[in-house]
2 protein chains.
Amino acid sequence: MQTDFAVIGASTVKVDGIEKVTGAAMYAADVMLPGMLYGKIKRSPHPHAKIVSINAGRALALPGVETVLTPDNVPRVKHKGSPAPRGGGLVADQYIFADKARFVGDGLAAVAALSEEIAEEALALIDIEYELLEAVFDIEEAMRTDAPKIHDTEMNLVGPPFMLQRGDVDQGFAEADFLFEHTYSTGRPSPCYMEPNACVCTFENSGKLTIWSSTQSAFMVRGILSEVLDIPLHKIRVIVEHMGGGFGAKQDLYQHEFVCALLAAKSGRPVKMEYTRKEAFMGGRSRHPVTVNLKQGVRQDGTLTARQVLHTSNTGAYASHGLGITAVGCLDIASLYRCEEHQRIEGRAVYTNNPIAGAFRGFGAVQAFFALDSQMDEIAHALNIDPVELRLKNAAGDGDRSPSGHPILGNGLAACLVRGEKEMNWIEERKKTAAQADSRIRRGWGVGTEMHSSGAYPDIKEVSNAILNMNEDGTVKLFTGVADLGTGSLTVMAQIAAEELGIPFKDIQIVYGDTDAVPFDLGAYASRTTYVGGGAVKKAATNLKSQLLALASGKMEVAVEDLEIRDGIISVKGVPSSRVSVKELIQGEGSVPAHTLIGQATHHSKVAYSFAAHFAEVEVDIETGQIQVKQVVAVHEVGQAVNPIGVEGQIEGGIQQGIGHSLTEDYVIDKQTGQSLNASFVDYKMPLAMDMPKIKSIILEEVPHPTAPFGAKGVGEDPIIAIGPAIANAVFDAIGIRFRELPITPEKVLQALKEKQVNVSS
Amino acid sequence: MQTDFAVIGASTVKVDGIEKVTGAAMYAADVMLPGMLYGKIKRSPHPHAKIVSINAGRALALPGVETVLTPDNVPRVKHKGSPAPRGGGLVADQYIFADKARFVGDGLAAVAALSEEIAEEALALIDIEYELLEAVFDIEEAMRTDAPKIHDTEMNLVGPPFMLQRGDVDQGFAEADFLFEHTYSTGRPSPCYMEPNACVCTFENSGKLTIWSSTQSAFMVRGILSEVLDIPLHKIRVIVEHMGGGFGAKQDLYQHEFVCALLAAKSGRPVKMEYTRKEAFMGGRSRHPVTVNLKQGVRQDGTLTARQVLHTSNTGAYASHGLGITAVGCLDIASLYRCEEHQRIEGRAVYTNNPIAGAFRGFGAVQAFFALDSQMDEIAHALNIDPVELRLKNAAGDGDRSPSGHPILGNGLAACLVRGEKEMNWIEERKKTAAQADSRIRRGWGVGTEMHSSGAYPDIKEVSNAILNMNEDGTVKLFTGVADLGTGSLTVMAQIAAEELGIPFKDIQIVYGDTDAVPFDLGAYASRTTYVGGGAVKKAATNLKSQLLALASGKMEVAVEDLEIRDGIISVKGVPSSRVSVKELIQGEGSVPAHTLIGQATHHSKVAYSFAAHFAEVEVDIETGQIQVKQVVAVHEVGQAVNPIGVEGQIEGGIQQGIGHSLTEDYVIDKQTGQSLNASFVDYKMPLAMDMPKIKSIILEEVPHPTAPFGAKGVGEDPIIAIGPAIANAVFDAIGIRFRELPITPEKVLQALKEKQVNVSS
């Protein structure tokens, strides 16, 4: 493993750090254009209703209203709600404006006015006559033959079920000493990105559309707008200067992005649309609530003999990534703990009249591993095997089949477990917590695990590009289409380029976030950016470096193989005095630069896997039912960490979000009316600073992946996955109650304690 | 010669045509940024004065004034007034603020305020104490040993004289039958671009400077700002969205561009500076007034035996391109008409206390060929040889030495003369005008000629780059650093790319005018854009095309050599039914594009020459002295015309400007006080629509140059050159008076008529 890095492994300041901390960074909603209008979407108040008529006459008559869009004057093209990754089994089930309302919040019309206030006022003046239809919110009810049809599909299924079948589960179950079967379910957390969805659209008179948008996939926004609005690709420019988070949800194309472009086209003026926080809930994307029925056969020694899964996800009113997260969840359950011989896994994505569920950090894995890792804990307790030992016994490792079907490389999962167990002193600490089982505050430890791919190959043919353009003074412009959701991806790209080129980090300037300037990229999803995007950057840098070395070789009359570049100096290996600086070499003597060097690469990538084990300590207050996560030891195997503080930031953020999803966060839809009950930060509870545990992040770099740039794999999604089962298992450890449904709210805890008759004196 | 072009040779609509005619195109002065200040420069009222002290206290106290710059708080780095072409013999003789005032208008301090009006008011409150120095305006006086020193140089020369010496002129003169010696001089026209100089500067908190500026050479602005302000190249972004003309003058870096950046840095706010029309005269760049003493020996048969030249240019207060235009003028005189054996040419650029002369369309050639082609006419008349015949006898042609030292390719000059003579019916038309010699209105015909290089090789190592990036739908982004001054250069680049790729013109999108987005280019000067920039585009397109054909070859199982691309369809030559569209090939079946293709090229270019002959008919009103150009037959040999209507536009614009320079335009500086006498469009007279002649433009495409893209040479500067001597020669033809000084104003005509005692009855 390479260790003599100059820039890789250094926690450099983010390339956009100063702009962000000084508040100067521009986000989509900051864009102001002369003559700009403000757009708003009219949303359905009903969860399921036929549109009988829409009359915009009163709205248009309101002074300051410039344009109204109704289903009559927008393209009637069905599209896939999400442009990226477009290979992800997406279903074209959305119109720009729905043919009927399918959830409370479904957009039905829009206005553009001189101010946001006028636009808001005008919405109330759009008269819509509805014919109410029966609505269904529960997946089981939705699959009944007599259920109202949401999209005219069999059983309200989005598509054919995902099926994975190996061997004969019945035979496997027959071979088992014990059978475990339970149903696990998860809530509907909302991504709650700091920056609500926003975009600004303007047309040039030549017909060229420029859109500033907060999106994870600028090229895919370009692609789908091109398809639906019938504008060729080169007449659309998508700009994303900075993003205040996305967490997967912003890899969907939102209704306002089409609507904004159409309002701009119709009015002939720039139009801005910015979601309110309420709209970001209602018109945004939540995580899919998933129900997993998991049955496993186990031998006395802890070996798994068979696994049967029925995985059902509630995708809400539109498909979005419903099929994708279902497939990923099923494949993940199949892979994390070895059970090769007999598996039968079925996954279904079901339409309901709820808001749309979409891609969300931990795409499918969060729900799947909550089920699997909870049950592994149940098995350990039932068989009286140490939970870590049971996991180590079954942990998928070197050569085992990964979710993508490729063999796993190395024993990252086991390494995380072993290191974490040692780091937190598992055996002794658990004895301590067990010893205090009679107080009001019950303490417990639990462990959770996960694996996650970098990139979505083979489902998506992963590709990134990079161009490196050397300036006349030896500084470099790096053109990359990767997205930075605020995670530091651009910094990582600059580090990779600087390392490979052998020039100082500060000499790299990133050009990004403008489809007119940068080469094609699929954007941010599936923890792919460092691995795939970084792979392209490294390859382009290798290309540029070879050009540099060839020039130096000619000038210095030394073979290329004998040269090296460090800190911007090209020298003969072992003869540091024989040198030329990159700047001198490029600039030459004259006033015209001696050389113009452009390095470039297209990188088609396969897949790599990162692993983690999270050890969590909780305190359960048996009087209030409140659960407090006290500390988390998070061990991640990510190959080489390019920017360790960035990796730690991901880990801490993932744990924060994962705690929320496990304990407090749930976007609640009333099961009678379909209304949102907590679409605001007053009512929807994320963990705040005071709720955070002590976190010890441990980054294992033991398995730098040979197909990864400098061995660096992804880490974006991993940290949100293992924390969920770790907490649930710790709660079991603390109070002996198994919660199979997230979030584990105080109400649920109190109810369970009551049922189990646990109280302070017990 | 290739003739089956799809796009080359078509007068396509300009790529930015719609934006411009609808008024939507953004120019530097249109940029508005939040919190922006307005900057103004305090200019010297004295032509030569030492700065004793500057006190900005009163200015700073004015409400609304945010920042003041004086020589004390700007970098004290001498720079070359012009960044481009930086190889052009430039002299570092300017500070950002002068150490002493060298002309009326020399910038000495600056303010930034909340409005332009406040900034203007504040200028008057900057108290400067001057010590007046003797000033000198005339080149002869400036070269005297007792003349005041403007830059502490010998004889106020900018640098050592340019010398070209072949053979022995005295021997050559001895071999002649006749000697002709006269002194010719030209005025000080101002470029009068529609868009006065303007820029907007803003710094990111990270220290990165973005500057919108109206410049012909964005990368050179970047380079020289980097040097003088000590900012690395990758921390400077220069943006030029559209330009309202430049005519060479905007290849200089102006004082306001430094000052604007410094005001932005000091104030921490964006700053805009826009020259008034008066400032565009005073602080801008005029053409160099040049005096050419030309002596030639001629045999009875019209053969030239020797040539001696003393070329002196008045560069004003700073060198700018003084040495460059002097060298070019000298080399041009040496080359247009064959006189290989004996030549002695000396050129001097002289400092005076006039405003700065700089690069201007026809760089040196306008003045030089006015002298040479006037004298050729004098020789023809004296020897009673037809002026066209004499020129044809001596015209430099195939194999003769060009100004750059390279052999001329083809006989473009002769071809222009022959075609023009035929087109206007030279012999008969001249007889007609001669027949009307007794009226008040005297008619005459004259001919002028010229040659001009495409590019400045070998003085500048010409280089351009291009990148072509194919979108997923087969449309193409073309990244080019060439500048479009309004001439249509970007359209030409798109045509070249479309032609070479075999895709429709409309499928090319140009990315330009942003140093952060496009690869390095030297910018617009020396009629280089089509030839050098276009060469890079063609080469990059060839590179992309080869990638496309390789893909198609694999898919179609046909050898690359058997494939062709036309109108976006790749087909087997001769088997049009065996085909695949570029779009299908790139997009593939899946939702991720099958291929990402990026073509790229660095193009190092040599030089090519274009030629022209202009035949002009004038009417001279001998009562008023007014000269009216009635018609011009302009024959240009430009290789292949990429966009004929664009070439015609250049020809017509050049003739308009050339008529102005020959008859009415002269930026007059009072020889006592150094004050501008006509720095406004009220007092400075350009020809308007009513003053324009009938123009017949003939584009000869007979010599497509082998080193040029599709044979296309430059045409930007050519049309302004030959019109001057054509008019002067026509005036001689009309009234028998030889004017050797431009402009030929009515006052001069009347004075000469009086001296010659010509009147209506004569």
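All of these numbers come straight from a predicted model, not from anything done at the bench.

The rules we used
Residues numbered from 1 in each chain as written. Chains lettered and ligands numbered in written order. Predicted model: local features only at pLDDT ≥ 70, side-chain atom pairs only at ≥ 80, totals over all residues. Heavy atoms only, no water. Helix = DSSP H or I, 4+ residues; strand = E, 2+ residues; numbered from the N terminus. Rg over C-alpha atoms; globule rule 2.2 N^0.38 Å. Contact = heavy atoms within 4.5 Å. Lys, Arg positive; Asp, Glu negative; His and termini not counted. Charge placed at Lys NZ, Arg CZ, Asp CG, Glu CD. Core = buried A, V, L, I, M, F, W, Y, C linked by side-chain atoms within 4.5 Å. Buried < 20%, exposed > 50% of the residue type's maximum accessible area, 1.4 Å probe, protein only. Least-squares fit on C-alpha atoms with pLDDT ≥ 70 in both. Pairing = 2+ DSSP bridges. Axes fitted to C-alpha atoms, helices over the stretch in contact; angles between N-to-C directions. pLDDT = per-residue confidence, 0-100. Phe/Tyr/Trp six-rings, centres within 6.5 Å; stacked < 30°, edge-to-face > 60°. Lys NZ or Arg CZ within 6 Å of the ring centre and 35° of its normal. Buried area = accessible area lost by both parts, 1.4 Å probe. Salt bridge = Lys/Arg side-chain N within 4 Å of Asp/Glu carboxyl O. Polar contact = N/O pair within 3.5 Å; in protein donor to acceptor, adjacent residues only side chain to side chain. Nonpolar A, V, L, I, M, F, W, Y, C, P; charged D, E, K, R; others polar. Disulfide = S-S within 2.5 Å. Domains from an automatic or database assignment. Arc of directions from axis to C-beta. Expected span 1.5 Å × (residues − 1). Bend = angle between axes of the 7 residues up to and from the residue.

**Q** Lay out the overall build of chain A with the relevant residues and their values.
**A** The secondary structure content of chain A amounts to 19 helices and 28 strands. Taken against the 2.2 N^0.38 rule, which gives 27 Å for 762 residues, the C-alpha radius of gyration of chain A at 27 Å falls within 12% of a compact globule. The dimensions of chain A, computed from C-alpha atoms along their principal axes, are 85 × 75 × 50 Å. Within chain A, contacts between residues at least 6 apart in sequence are counted, and of these 79% link residues at least 24 apart. For chain A, the centre of its 71 positive side-chain charges and the centre of its 93 negative side-chain charges are spaced 1 Å apart.

**Q** An account of the nonpolar core is needed here, citing residue identities and associated values.
**A** Most often, soluble globular proteins keep nonpolar side chains buried together rather than apart. Phe615(A), Val618(A), Val620(A), Ile727(A) and Ile735(A) are the most contacted members of the largest nonpolar core, which has 88 residues in total. Top contributing element to this core by residue count: helix 10 (residues 365–383) of chain A, with 11 residues. One finds Ala334(B), Ile408(B), Val629(B) and Val758(B) within the second-largest nonpolar core, a separate group that totals 87 residues.

**Q** I'd like to hear about unusual backbone geometry, residue by residue, with values.
**A** Generally, phi is negative for residues other than glycine and the peptide bonds are trans, each holding for most cases. All names here are of chain A. Note the cis peptide between Tyr457 and Pro458, where omega equals 5 degrees. Topologically, Pro458 is positioned in the loop between strand 18 (441–454) and strand 19 (463–470). Positive phi outside glycine occurs at Asn425, with the angle close to 60 degrees. Structurally, Asn425 can be placed in the loop between helix 12 (412–424) and helix 13 (426–435).

**Q** Give me the relation of the copies chain A and chain B: which residues, what numbers.
**A** Each copy of the sequence occupies a distinct position, and chain A is placed on chain B by a rotation of 180 degrees and an axial shift of 0.0 Å, giving an RMSD of 0.0 Å. Within this description, the copies of the chain are treated as partners about a two-fold rotation axis. Rotation axis and chain A: the residue whose C-alpha lies nearest the axis is Ala517(A), separated from it by 2.6 Å. Take the interface residues of chain A: 100% of them recur as interface residues in chain B, which is what a same-surface contact looks like.

**Q** So what about the sheet that holds strand 18 of chain A? Which residues, and what values?
**A** All names here are of chain A. Reading across from one edge, 18-26-27-28 is the order of the 4 strands in this open sheet, with mixed pairing throughout. Only two strands of the sheet have a single partner each, and these edge strands are strand 18 and strand 28 (694–700). For this sheet the average axis-to-axis angle between neighbouring strands, irrespective of direction, equals 15 degrees.

**Q** Give me the confidence of the model for chain A: which residues, what numbers.
**A** Here chain A averages 94 in pLDDT, and 98% of its residues register 70 or above. For this predicted complex, the interface score ipTM comes out at 0.89, alongside a pTM of 0.93.

**Q** Explain the sheet that holds strand 28 (residues 694–700) of chain B residue by residue, including any values.
**A** Residues and elements named next belong to chain B. In space, the 4 strands of this open sheet follow the order 18-26-27-28, with mixed pairing throughout. Here the strands that pair on one side only, and so sit at the sheet edges, are strand 18 (441–454) and strand 28. Across the sheet, the mean angle from the axis of one strand to that of its neighbour is 15 degrees, orientation sign disregarded. As paired strands, strand 26 (residues 608–621) and strand 27 (residues 627–637) are joined by 10 bridges and run antiparallel to one another. Counted as the bridge partner of Phe615 is Val633 from strand 27.

**Q** Residues and numbers for the pairing of strand 7 (residues 107–113) of chain A, please.
**A** All names here are of chain A. Burial analysis of strand 7 places 7 of its 7 residues in the buried class, which makes it a mostly covered element. By the bridge criterion, 6 bridges tie strand 1 (residues 37–43) to strand 7 in an arrangement that is antiparallel. Pairing of Lys42 across the sheet is with Ala109, part of strand 7. Pairing geometry for strand 3 (residues 65–69) and strand 7, over 4 bridges, is antiparallel. Bridge pairing in strand 7 places Val65 opposite Ala113.

**Q** I'd like to hear about the packing of aromatic side chains, residue by residue, with values.
**A** Ring pairs (aromatic) are described by centroid distance and by the angle formed between their planes. Residues and elements named next belong to chain A. Scanning all chains against the criterion turns up 18 aromatic pairs over all chains. Its guanidinium or amino end placed over the ring of Tyr193, Lys250 lies 4.1 Å from that ring's centre, counting from NZ or CZ. Directly above the aromatic system of Tyr254 lies the positively charged group of Arg285, at a separation of 4.5 Å from the ring centroid.

**Q** Could you give an account of the interface of chain A and chain B, with specific residues and numbers?
**A** Between chain A and chain B, the residue contacts involve 48 residues of the former and 48 residues of the latter. Taken together, both faces of the contact between chain A and chain B bury some 4,000 Å²; the carbon and sulfur share is 52%. Residue Glu472(B) is joined to Arg222(A) by a salt bridge in which the shortest nitrogen-to-oxygen separation is 2.6 Å. If you look at where chain A meets chain B, you find 22 residue pairs in polar contact (both at pLDDT 80 or more). Of all the elements in the fold, those that place two or more residues in the side of chain A that touches chain B are helix 1 (17–21), helix 6 (218–229), strand 19, strand 20 (476–480), strand 21 (508–511) and strand 25 (598–604) of chain A. Here the side of chain A that touches chain B is built from residues that sort into 20 nonpolar, 16 polar and 12 charged.

**Q** Describe the pattern of salt bridges, naming the residues involved and giving the relevant values.
**A** Taken as a whole and judged by the stated rule, the model has 76 salt bridges over all chains. Linking Lys431(A) and Glu428(A) is a salt bridge whose minimum nitrogen-to-oxygen distance equals 3.6 Å. Placement of the pair is Lys431(A) and Glu428(A) together in helix 13, with a separation of 3 residues, close to one helical turn. For Lys431(A), a relative accessible area of 52% translates into the label exposed. Linking Asp4(B) and Arg566(B) is a salt bridge whose minimum nitrogen-to-oxygen distance equals 3.6 Å. Of this pair, Asp4(B) sits in the segment before helix 1 (17–21) while Arg566(B) is found in strand 22 (residues 563–566), placing the two residues 562 residues apart along the sequence. Owing to a relative accessible area of 46%, Asp4(B) belongs among the partly exposed residues under this scheme. Among the charged side chains, a salt-bridge network with shared partners connects Lys40(A), Arg43(A), Glu116(A), Glu120(A) and Glu279(A).

**Q** So what about the state of the cysteines? Which residues, and what values?
**A** Taken as a whole and assessed by the stated rule, the structure comprises 0 disulfides over all chains. Free of any disulfide, Cys199(B) has its nearest neighbouring cysteine sulfur in Cys260(B), separated by 3.6 Å.

**Q** Lay out the domain arrangement of chain A with the relevant residues and their values.
**A** All names here are of chain A. Per the domain assignment, the segments of chain A are domain 1 (17–24 + 463–604), domain 2 (31–133 + 192–282) and domain 3 (134–189 + 285–394). Each of domain 1 and domain 2 has a C-alpha centre, and the two are 38 Å apart. Taken residue by residue, the interface counts 18 residues in domain 1 and 22 residues in domain 2. Of the roughly 1,500 Å² buried at the junction of domain 1 and domain 2 (both faces included), carbon and sulfur atoms supply 53%. Its largest share of buried area at the contact with domain 2, domain 1 owes to Leu485, Thr515 and Asp516, together 37% of the area lost on that side. Taken together, the links from domain 1 to domain 2 amount to 3 salt bridges. The closest approach of N and O atoms between Asp516 and Lys208, which form a salt bridge, is 2.5 Å.

**Q** I'd like a description of helix 3 (residues 116–123) of chain A, backed by residues and values.
**A** All names here are of chain A. By the burial criterion, the buried members of helix 3 are Ile118, Ala119, Ala122 and Leu123. Buried residues of helix 3, seen end-on, are gathered within an arc of 145 degrees and therefore sit on one face of the element. Elements that come into contact with the buried residues of helix 3 comprise strand 1, helix 2 (57–61), strand 3 and strand 7.

**Q** Break down helix 15 (residues 529–556) of chain A for me, with residues and values.
**A** All names here are of chain A. In this model helix 15 runs 38 Å from its N-terminal to its C-terminal C-alpha over 28 residues, within 8% of the 40 Å that 1.5 Å per residue would give. The largest bend in helix 15 comes to about 25 degrees, at Gly535. One or two positions beyond helix 15, positive phi appears at Glu557, with a value near 55 degrees.

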